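These are the residues of each chain, in order.
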Amino acid sequence: MRIEVNGRPATADALAHPALVNYGHFTAMQVRGGRVRGLDAHLRRLDAATRELFGTGLDADRVRDLIRHAAGDEDASVRVSVYRPEAEPVVLVAVRPPVEAPSSPQGLLPVVYERPVPHIKHVGGFGQIHFGLQARRAGFDDALLVLRDGRVAEGGITNIGFFRDGGVVWPDAPMLRGITMHLIDERLRPGREEIRLDDLPSFDGAFVTNSLGIAPVTRIGDVSYPVSDQMASVDKAYASVPWDRI
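Residues numbered from 1 in each chain as written. Predicted model: local features only at pLDDT ≥ 70, side-chain atom pairs only at ≥ 80, totals over all residues. Heavy atoms only, no water.

1. So, the pairing of strand β14 (residues 213-220)
Of all eight residues in β14, seven are buried, a share of seventy percent or more. Two elements, strand β7 (residues 106-112) and β14, share three bridges in a ladder whose sense is parallel. Counterpart to leucine 108 in the pairing with β14 is isoleucine 220. Sheet analysis places strand β13 (residues 205-210) next to β14, joined by five bridges and oriented antiparallel. Residue pairing across strands places phenylalanine 207 opposite proline 216, the latter belonging to β14. (Buried < 20%, exposed > 50% of the residue type's maximum accessible area, 1.4 Å probe, protein only. Helix = DSSP H or I, 4+ residues; strand = E, 2+ residues; numbered from the N terminus. Pairing = 2+ DSSP bridges.)

2. Considerations on the pattern of salt bridges
Tallied over the entire structure, the rule returns twelve salt bridges. Here arginine 32 ties to glutamate 100 by a salt bridge, and the two come within 3.0 Å at their closest N and O atoms. Residue arginine 32 is found in strand β3 (residues 25-32), and its partner glutamate 100 is found in the loop between β6 (90-96) and β7; the two are separated by 68 residues along the sequence. With its nearest N and O atoms 3.1 Å apart, the salt bridge here joins aspartate 73 to arginine 245. Pair noted here: aspartate 73 is in the loop between α3 (60-71) and β5 (76-83) and arginine 245 is in strand β16 (residues 243-245), with a separation of 172 residues, a long-range link. We classify aspartate 73 as exposed; its relative accessible area is 57%. (Salt bridge = Lys/Arg side-chain N within 4 Å of Asp/Glu carboxyl O.)

Shown next as structure tokens:
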């Protein structure tokens, strides 16, 4: 891993605040040859969350420069975090080896949990990590977050979509609207509806999305799905998203 803070190699002093104060936000992306899918959406996310949490904007050109400086033209997984130890927000860029979407269908364990301030991709994901570990210990790949009123919201680190009658449906519930979800939205115009656990058998299949890409879901708790033929339309929509130069 390589970490830079405001364009400089991270030091212990620079990392002290994010290590001790669990307040900030981030976006995660896959970089291939100096390019990113949906880069403008990532930059808008960072600016909007910085305004909401810290009361000031975040210059997109500066963020691009910081990502480019840290990642260069190499293939990488990049996480851009924003926090504010003093008057101005600080941008931390972490660069790790690239990761692809899961090659096998996913299984999700339903758990009752709602992320605080769910529309922001914020740091401090104790609940998501905790329930994700529980899911894996039970033989699943991740958790499916279900609100106390029974509505399905999102995966532990993903968005979830469902197939029905040839179309895609997203859950209508408080959630993070992920970048990959947003990019698919622009191309397929899926529907939205309240989805409860009892509704899951009525769907033809499911899939998850996050910064790694898209993967089919074949098991949610006791409900099983085939890998839907409709995955092809979602994969095609995502593949049509251009790779933007950082």
